[in-house]
Amino acid sequence: MSDKVAVLVAGSWGTALANVLAANELDVHIWSRSPEQVLEINEQHTNSRYLPGMALSSHLKATADMKEAVTGAAAVLIAAPSSAMREVCRQLKTCIEEDSIVIHATKGFETESLKRMSTVISEEISRNESSIVVLSGPSHAEEVIRQCPTTVVVASGDQKAAETAQDLFMNAYFRVYTNRDMIGVELAGALKNIIALGAGMSDGLGFGDNAKAALLTRGLAEISRIGVEMGANPLTFAGLAGVGDLVVTATSKHSRNWRAGFMLGEGKPLDEVLSSMGMVVEGIRTTKAAYAFSEKFGVQMPIANQLYHVLFEQRDPRNAVEALMGRNPKTEMETMPLQTWEQWHT
Ligand SMILES: NC(=O)c1ccc[n+]([C@@H]2O[C@H](COP(=O)([O-])OP(=O)(O)OC[C@H]3O[C@@H](n4cnc5c(N)ncnc54)[C@H](O)[C@@H]3O)[C@@H](O)[C@H]2O)c1
Ligand SMILES: O=P(O)(O)OC[C@H](O)CO
């Protein structure tokens, strides 16, 4: 197998993961649509817009020519925002090698079609969806680039492809587990961003730790419920891609979703929040998708639904909290996803 790996695109996550691969002495070629960024990575070994103040491996090569990045690569890692995935894959289709493994690290959906990222990729590059690998889990680029201990999961319908991805990334500070539940890992990684937005909003409103714990726990229950309805294994939500990523995203100041939620809780309008971020905040689009999933599958997602009203219908966040707290009394167990999964799988 060639030791060349291509990474598309050079945002925070693509750059941090490319740096892990370069630390593993692979021949890493990162593609960016920005010639200025390519020059900066090649000559100064930095990506100051997305990872300010951090030095990149001097072995990392950048190019604005996707064909040059991808030709001869044993693996192609895509870390594009979900909104750009189809467009990036359309270009990739023209130059990808037949036998290169495709790994993606994107946490979101195509909002127009409600498709998962592996579906979008497989449609565009004409590959079987089960051959694609998703990399997810609790992993902020800002900490991975500092080589802080990090654990992630790689999931695929093709165990061999997942193991190859595991071998490529694994090192002393980046530990990689495999998982067969690609649907669950993709859903968990995308849906936790909604709850992180809510946790940020709760903090911005000045609420305390009780509210945060409630949001995380009840948030996990609702994302597991919809996940199971969409074909995920409920245990995936108890793993790195589920509770692991939920905790890190909903409690870390590195999180763009938490930060956007915090500003919204402070009363800032959505457009002002987004223009101040300068980076992708996937949870906004994902809230729209979750609202549609909730209707389509008839699964209650009260937190996602209230966030939808706040984000897209100008509901006051305090009214959203009142609506959540004032719902009909329930037993806890009736809201847990295990019952549904057992019905389906026994
Ligand atoms: N940053 C993290 O810590 C982190 C960790 C795990 C997963 N992710 C996920 O990775 C994905 C990317 O996030 P990010 O943090 O790198 O975003 P980012 O905002 O830091 O960077 C986005 C990059 O995408 C490029 N881009 C946007 N549209 C494009 C297009 N049409 N064609 C080519 N390039 C395009 C931008 O130029 C930029 O380089 C998201 O789904 C995010 O949830 C991010
Ligand atoms: O910065 P965020 O909120 O996009 O989160 C980044 C990662 O998903 C954390 O694992």
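Because the structure is a prediction, the values reported are computed rather than measured.

Focus on the overall build of the chain
- When you go through the chain residue by residue, the secondary structure sums to 16 helices and 10 strands.
- Taking 2.2 N^0.38 as the reference for a compact globule, 346 residues should give roughly 20 Å; the C-alpha atoms of the chain span a radius of gyration of 20 Å, in line with that estimate.
- Projected onto its principal axes, the C-alpha coordinates of the chain cover approximately 60 × 45 × 35 Å.
- Put simply, 71% of the contacts in the chain that link residues at least 6 apart link residues at least 24 apart.

A closer look at the sheet that holds strand 3 (residues 61–63)
- A sheet is described by the order of its strands in space; here 8 strands give the open sequence 3-2-1-4-5-8-9-10, paired in mixed fashion. Each edge of the sheet is formed by a strand with only one pairing partner; in this case those strands are strand 3 and strand 10 (174–179). Averaged over all neighbouring strand pairs, the angle between strand axes comes to 25°, with direction disregarded.
- Here 5 bridges tie strand 1 (residues 4–8) to strand 2 (residues 27–31), and the two strands are oriented parallel to one another. Each residue of the ladder has a partner; that of alanine 6, found in strand 2, is histidine 29.
- Packed onto the sheet, helix 4 (residues 85–93) meets strand 1, strand 2, strand 4 (75–78) and strand 5 (101–104) and runs at close to 155° relative to strand 4.
- Running over the sheet, helix 5 (residues 117–125) touches strand 4 and strand 5 and is turned about 145° from strand 5.

Considering the site of ligand 1
- The local shell around ligand 1 holds 24 residues, among which Ser12, Trp13, Ala141, Arg256 and Glu282 are the closest.
- Within the backbone of alanine 105, an N or O atom sits 3.5 Å from an oxygen atom of ligand 1.
- Contact between ligand 1 and valine 280: an oxygen atom at 2.9 Å from a main-chain N or O atom of the residue.
- Of all the elements in the fold, those that place two or more residues in the shell around ligand 1 are helix 1 (12–23) and helix 4.
- Taken together, the residues of the shell around ligand 1 sort by class into 14 nonpolar, 5 polar and 5 charged.
- Mapped onto the domain boundaries, the shell around ligand 1 takes at least three residues apiece from domain 1 (4–180) and domain 2 (183–345).

Describing the UniProt feature "binding site: substrate" (unreviewed entry) in the chain
- Under the UniProt annotation, "binding site: substrate" (unreviewed entry) lies at Lys107, Arg256 and Asn257. Spanning 151 residues, the named residues form one tight spatial group whose C-alpha atoms are at most 12.7 Å apart.
- Lysine 107 gets classed as buried once you look at its relative accessible area, which sits at 15%.
- Ignoring anything within four residues of it in the chain, the contact list for lysine 107 reads Ser136, Gly137, Ser139, Gly189, Ala190, Lys192, Asn193, Asp245 and Glu282.
- A polar contact of 3.0 Å, which involves the side chain of lysine 107, links it to the backbone oxygen of glycine 137.
- Excluding residues within four positions of it along the chain, arginine 256 makes contact with Ser12, Met277, Met279, Val280 and Val281.

Focus on the UniProt feature "binding site: sn-glycerol 3-phosphate" (unreviewed entry) in the chain
- Following the UniProt record, the feature "binding site: sn-glycerol 3-phosphate" (unreviewed entry) maps to Lys107, Gly137, Ser139, Lys192, Asp245, Ser255, Arg256 and Asn257 here.
- If you trace the backbone, serine 255 turns up in the loop between helix 10 (240–251) and helix 11 (256–265).
- Classification of serine 255 by relative accessible area gives buried; the value is 1%.
- Among residues more than four places away in sequence, those in contact with serine 255 are His140 and Thr249.
- Locating asparagine 257 in the fold gives a position in helix 11.
- Once residues within four sequence positions are removed from consideration, asparagine 257 is found in contact with Asn193, Ala196, Leu197, Thr249, Val281, Glu282 and Gly283.

With respect to the state of the cysteines
- All told, the structure shown has 0 disulfides when counted by the stated rule.
- The thiol of cysteine 95 is not disulfide-bonded; the next cysteine sulfur, from cysteine 89, is found 11 Å away.

Focus: the packing of helix 8 (residues 182–204) against helix 14 (residues 302–312)
- Where helix 8 meets helix 14, the closest approach of the two axes is 10 Å, and the angle between their N-to-C directions is 65°. On the basis of the axis angle, helix 8 is roughly perpendicular to helix 14. Handedness of the crossing formed by helix 8 with helix 14: left-handed. Contacts between helix 8 and helix 14 involve Ile194, Ile195, Leu197, Gly198 and Met201 from the former and Ile303, Ala304, Leu307, Val310 and Leu311 from the latter.
- Split by residue class, the contact of helix 8 with helix 14 holds 9 nonpolar, 1 polar and no charged.

A closer look at the nonpolar core
- Counting 46 residues, the largest nonpolar core has Phe109, Leu187, Leu191, Leu197, Ile226 and Phe237 as the members making the most contacts within it.
- Looking at this core, the elements that each hand over two or more residues are strand 9 (150–156), helix 8, helix 9 (209–229), helix 10, helix 11, helix 12 (270–277), helix 13 (282–297) and helix 14.
- It is helix 8 that provides the largest number of residues to this core, a total of 12 residues.
- In this structure, this core is formed jointly by two domains, domain 1 (4–180) and domain 2 (183–345), each of which donates at least three residues.
- When residues no more than four places from it in sequence are discounted, the contact partners of phenylalanine 109 are Ser82, Lys115, Arg116, Met117, Leu187, Ala190, Leu191, Arg285, Thr286, Ala289 and Phe293.
- Core analysis: the second largest hydrophobic core is formed by 40 residues, Trp13, Leu17, Val20 and Val28 among them.

What counts, and where the lines are drawn
Residues numbered from 1 in each chain as written. Chains lettered and ligands numbered in written order. Predicted model: local features only at pLDDT ≥ 70, side-chain atom pairs only at ≥ 80, totals over all residues. Heavy atoms only, no water. Helix = DSSP H or I, 4+ residues; strand = E, 2+ residues; numbered from the N terminus. Rg over C-alpha atoms; globule rule 2.2 N^0.38 Å. Contact = heavy atoms within 4.5 Å. Pairing = 2+ DSSP bridges. Axes fitted to C-alpha atoms, helices over the stretch in contact; angles between N-to-C directions. Near = heavy atom within 4 Å. Polar contact = N/O pair within 3.5 Å; in protein donor to acceptor, adjacent residues only side chain to side chain. Nonpolar A, V, L, I, M, F, W, Y, C, P; charged D, E, K, R; others polar. Domains from an automatic or database assignment. UniProt positions renumbered as here; feature names shortened; annotations may be inferred. Buried < 20%, exposed > 50% of the residue type's maximum accessible area, 1.4 Å probe, protein only. Disulfide = S-S within 2.5 Å. Parallel < 35°, antiparallel > 145°, perpendicular 65-115°, else oblique. Left-handed = near helix turned anticlockwise from the far one by under 90°. Core = buried A, V, L, I, M, F, W, Y, C linked by side-chain atoms within 4.5 Å.

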